[in-house]
Amino acid sequence: MKTCERFARIKSGYEQDIAYLRNHSQRSASTTAAKTSATNALAVRSRMAKALGRHFERCPICG
């Protein structure tokens with residue numbers, strides 16, 4: 001699948017956020033903040049999928 005530079009930029013930004021939230025969750029395990037970070041990581045992953053899907057539909061290079 002051929003994708004454009006903007007697709008990669010969007011994806012890498014979301015992946016950085018997800019990695020940060022997961023790492024925070026692992027560092028402070030079994031705390032309320034860790035559970036919240038884990039939940040937020042799942043929400044960010046869902047938002048990433050929606051954003052990439054919207055981009056894929058509208059981009060002439062990717063779609």
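Note that this is a predicted model, so its numbers are computed, not measured.

(A) Broad picture of the side chain of His-55. On the secondary structure map, His-55 appears in helix α2 (residues 32-58). His-55 gets classed as buried once you look at its relative accessible area, which sits at 8%. Setting aside residues no more than four positions away along its own chain, His-55 makes contact with Cys-4, Arg-6, Phe-7, Ile-10 and Cys-62.

(B) Structural context of helix α1 (residues 5-27). Along its 23 residues, α1 runs 33 Å from first to last C-alpha, staying within 8% of the 33 Å computed at 1.5 Å per residue. If you follow the buried residues of α1, they end up packed against α2.

(C) Main features of the packing of α1 against α2. Axis separation between α1 and α2 bottoms out at 8 Å; the angle between their running directions is 170°. Here α2 runs roughly antiparallel to α1, going by the angle between their axes. Among the residues forming the contact of α1 with α2, the class breakdown is 13 nonpolar, 5 polar and 7 charged.

(D) Geometry of the environment of Met-1. The residue Met-1 is located in the segment before α1 in this model. Residues Met-1 and Lys-35 lie 34 residues apart in sequence; the distance between their C-alpha atoms is 35 Å. The contacts of Met-1, once residues within four sequence positions are left out, are Phe-7 and Phe-56.

Conventions and cut-offs
- Residues numbered from 1 in each chain as written.
- Predicted model: local features only at pLDDT ≥ 70, side-chain atom pairs only at ≥ 80, totals over all residues.
- Heavy atoms only, no water.
- Helix = DSSP H or I, 4+ residues; strand = E, 2+ residues; numbered from the N terminus.
- Buried < 20%, exposed > 50% of the residue type's maximum accessible area, 1.4 Å probe, protein only.
- Contact = heavy atoms within 4.5 Å.
- Expected span 1.5 Å × (residues − 1).
- Axes fitted to C-alpha atoms, helices over the stretch in contact; angles between N-to-C directions.
- Parallel < 35°, antiparallel > 145°, perpendicular 65-115°, else oblique.
- Nonpolar A, V, L, I, M, F, W, Y, C, P; charged D, E, K, R; others polar.

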